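Take a look at the letters that make up each chain.
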Amino acid sequence: MKIKDCMAKNVITINASTGIKRIYDIFKEHGIGILPVVDKEKKLLGIVTRRLLMNVFLPEYVDILDGLLFAINDLGALEEEFDQAPALELFLAEDLMIKDVVYIEQDASLIKAAMLMQKYKIHNLPVIKNEKIVGLITLSDICEALFGGQEQ
Amino acid sequence: MTPLIVSAVVFLSTFYFILTEKINRTIVSFVGAVTMVIVGNFFGFYSQDQAIESLDFNTLGLLMGMMIIVSVLKTTGFFSYLAIKTAKLAKGNPWRLMVVMGLVTAFLSMIVDNVTTIVLVVPVTIIMADIMAISPLPSLMTGILLSNIGGIGTMIGDPPNMIIASASGYTFNMFLAKLFPIVLLIMIISLFILRLIFKKDLSRKPRNVKAIMTIDENLALKEVKVVKKCLLSLAVVLILFFLQERLLFSPAFVALLGAGLTFLLVQPDPDKILKEVEWSTLLFFASIFVIVGGVQNSGLISLLASKVSVLAQLNATVGKLTVLWTSAILSPIFGALPFTVSAAPLLKSMAAHGVNIEPLWWMLALGAGLGSNAIPIASAAGVIGMAISKRTRTPITFKSWVATGSIIAVVSVFIVSLFVWMF
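Reading guide: rules and limits
- Residues numbered from 1 in each chain as written.
- Chains lettered and ligands numbered in written order.
- Predicted model: local features only at pLDDT ≥ 70, side-chain atom pairs only at ≥ 80, totals over all residues.
- Heavy atoms only, no water.
- Buried < 20%, exposed > 50% of the residue type's maximum accessible area, 1.4 Å probe, protein only.
- Helix = DSSP H or I, 4+ residues; strand = E, 2+ residues; numbered from the N terminus.
- Pairing = 2+ DSSP bridges.
- Salt bridge = Lys/Arg side-chain N within 4 Å of Asp/Glu carboxyl O.
- Contact = heavy atoms within 4.5 Å.

Section: the pairing of strand β4 (residues 124-129) of chain A
Residue and element names in this part refer to chain A.
Line of reasoning, step 1. Counting buried residues along β4, five of its six residues qualify, which places the element largely inside the surrounding structure.
Line of reasoning, step 2. As paired strands, strand β3 (residues 104-105) and β4 are joined by two bridges and run parallel to one another. What sits directly across from I104, in β4, is V127.
Line of reasoning, step 3. Relative to strand β5 (residues 132-138), β4 is paired through six bridges, and the arrangement is antiparallel. In the sheet register, L125 faces β5, and the bridge partner there is I137.
Line of reasoning, step 4. In this structure, the hairpin formed by β4 and β5 is closed by a connection of two residues, where N130 is found at a positive phi of approximately 50°.

See the structure below:
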């Protein structure tokens, strides 16, 4: 089975200048995991995930804390500052997005998508045709395609 | 005459490329080393065997042995544990936090390499400051500067000291006796100067002191058994270093023995541990040794030594001050490590001209070490510390370094000069 047979074709996309509040609303409204960021020609520039959205509230050094975080429960001032968090409107999709996106061609096989998801520990893959985004495939789509057809 | 010129050209062009930093220093020095052997063979002043002989295995082995022990220790969370425990001693007082974090970094740097110390202690400093809503900059800067100063205090604290130990044959205890007291004094004076510099930041009232006291450092420790085994190996290494005069063990042998003991006790996955060893640093070292060996074999160093010796014999104080300030100025420019490797054979051959070089070795160690605080890129601790600080709200800039590190560098070299002048 090919990717194009089981991907979602109506992809919601945003552009580089979409604000963070709007992004949050889209996530909430559609219950999706990633939002592809595209240019005018629908070319994929990057993706924004729910996890990336949270980074606005986290200090940049979080990834070097290593085992240290196990020891700390009360983060003091870092928590107090939520209310006065940096002006959210200032953050745009282009500030948040990852540019190094793992994607898949629409004619690739399903098992390749499953392999990519396993290797990169991700649940969503943008689907591409001639560099333009044409769909989105999720882990659930693949599971459904692989297990759904097999009646007990 | 040709060997002199050819070796000087290879040496100077290698140092030029190290200085410009356009190409990675390990690649530059490796190419330089190979070139030196080629031209040495061609002009007949440096054979392949002589190149191998010029590799100072005493320094390389010492460095590698210590790197292996630390690589095992750093996976255990011990450094975070130690840093949290120390930070709690400050009881939320910003000035005291700066002092204890500076001191813990300094004392760790005396045994462990500076980069490891910075990478593991600085995150604790930063998050402590963020929890208390104070600026991390004072503790961060103090940690980096004191790591460079503290490393001068022991034979194994800094690579330049390791090179000096190997070239001079001085023991661990001699380094302690000659360098530790003055290093301690410089550390204390630096702390008070930094207090003045950071007066505004330090006067901010910290919040959430309670949150600091609820941190449980024991939860940062991942493998208590491994920690104990590593500390045992380190203790054995230190004891053997203390007994160096009696046992006549070379530093490299002691460190490798410690690495062997760690391997035996902990039995980690060697591939994983060896990945943590900084092979590029070791290769850089080895290459510089080969290059300087070429210069030495061409006769250039003994020629220079005979000229410099005349100066040094005129007046002992002037000789000492010249070595101190030359080291302090040139090592930030070329890197303390290549500078020391080049200066060591020069000092050695000055002894042949009747100069008393013992005090000059200590001047070299102090100059190379203290000078590395002058600019951020002069020390590995500075480079790494600055990179980490970029992730905080108050990154260290070149400008803020000049207002702190450069001042500390100049003042500390002046303190040493004062001692030289008085005694």
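Focus on the pattern of salt bridges
Residues and elements named next belong to chain B.
Line of reasoning, step 1. Using the criterion set out here, one finds seven salt bridges over all chains in the structure.
Line of reasoning, step 2. The partner of R393 in a salt bridge is D130, with the nearest N and O atoms 3.1 Å apart. On the criterion of sequence distance, the pair formed by R393 in the loop between α22 (380-389) and α23 (398-422) and D130 in helix α7 (residues 114-132) is long-range, its members being 263 residues apart.
Line of reasoning, step 3. According to the relative accessible area criterion, R393 is exposed, its value standing at 58%.
Line of reasoning, step 4. Given the relative accessible area of 9%, D130 is considered buried.
Line of reasoning, step 5. One salt-bridge network, in which partners are shared between bridges, spans K85, K88 and E217.

Re the pairing of strand β1 (residues 34-38) of chain A
All names here are of chain A.
Line of reasoning, step 1. Extensive coverage of β1 is indicated by the burial of five of its five residues.
Line of reasoning, step 2. Here β1 shows no split at all, with I34, P36 and V38 on one side and L35 and V37 on the other all buried.
Line of reasoning, step 3. The turn linking β1 back onto strand β2 (residues 44-49) is made up of five residues, and K42 within it adopts a positive phi angle of 70°.

Concerning the environment of R25(B)
Residue and element names in this part refer to chain B.
Line of reasoning, step 1. Tracing the backbone shows R25 in helix α2 (residues 25-43).
Line of reasoning, step 2. Through-space distance from the C-alpha of R25 to that of F284 is 7.1 Å; in sequence the pair is 259 residues apart.
Line of reasoning, step 3. With sequence-adjacent residues up to four places away left out, R25 is seen in contact with T281 and F284.

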